[in-house]
Amino acid sequence: MSKRIRYSEEPIGEIKLVPDFLPSPEELALKNEQTKVTISLSSESVAFFKEEAKKHDMQYQKMIRQLLDEYVAQQKRR
């Protein structure tokens, strides 16, 4: 059994406020509109994404989609 924690009324020191950077539940619930497409990719590219997705426990299609979304965002910033 672990030790009991003793709380006191002593000051805890300087407090630093951290800005809230997490999205709201409403923002998390929203999904981006998606359009299904058929695309032919090289076997080498698909194998790469499948291998990387397996390492990170995610779907390879999602990795490809995120890569394309990031590319579009970068191009729009130009």
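Here the structure is a predicted model, which is why all the values come from computation and not from measurement.

**Student:** Kindly report on the packing of aromatic side chains, identifying the contributing residues and their values.
**Tutor:** As enumerated under the stated definition, the model contains 1 aromatic pair in all. Each ring, one from Phe48 and one from Phe49, has its centre 5.4 Å from the other, and the planes form 80 degrees; the classification is edge-to-face. A residue is classified by how much of its surface remains accessible, and Phe49, at 15% relative accessible area, is buried.

**Student:** Run through the pattern of salt bridges, naming residues and quoting values.
**Tutor:** Where charged atoms of side chains with opposite charge meet at close range, the side chains can pair. Tallied over the full model, the rule gives 2 salt bridges. Residue Glu52 pairs with Lys55 through a salt bridge whose shortest N-O separation is 3.1 Å. Within this pair, Glu52 and its partner Lys55 are both found in helix H2 (residues 43-55), separated by 3 residues, close to a single helical turn. Through salt bridges that share partners, Glu51, Glu52 and Lys55 make up one connected network.

**Student:** Tell me about the packing of H2 against helix H3 (residues 60-77), and name the residues and values.
**Tutor:** The N-to-C vectors of H2 and H3 enclose an angle of 110 degrees; their axes lie 8 Å apart at closest approach. On the basis of the axis angle, H2 is roughly perpendicular to H3. Packed against H2, whose contacting residues are Val46, Phe49, Lys50, Glu52 and Ala53, the element H3 presents Tyr60, Met63, Ile64 and Leu67 at the interface. Of the residues contributing to the contact of H2 with H3, the split by class is 7 nonpolar, no polar and 2 charged.

Rules used in this analysis
- Residues numbered from 1 in each chain as written.
- Predicted model: local features only at pLDDT ≥ 70, side-chain atom pairs only at ≥ 80, totals over all residues.
- Heavy atoms only, no water.
- Phe/Tyr/Trp six-rings, centres within 6.5 Å; stacked < 30°, edge-to-face > 60°.
- Buried < 20%, exposed > 50% of the residue type's maximum accessible area, 1.4 Å probe, protein only.
- Salt bridge = Lys/Arg side-chain N within 4 Å of Asp/Glu carboxyl O.
- Helix = DSSP H or I, 4+ residues; strand = E, 2+ residues; numbered from the N terminus.
- Axes fitted to C-alpha atoms, helices over the stretch in contact; angles between N-to-C directions.
- Parallel < 35°, antiparallel > 145°, perpendicular 65-115°, else oblique.
- Contact = heavy atoms within 4.5 Å.
- Nonpolar A, V, L, I, M, F, W, Y, C, P; charged D, E, K, R; others polar.

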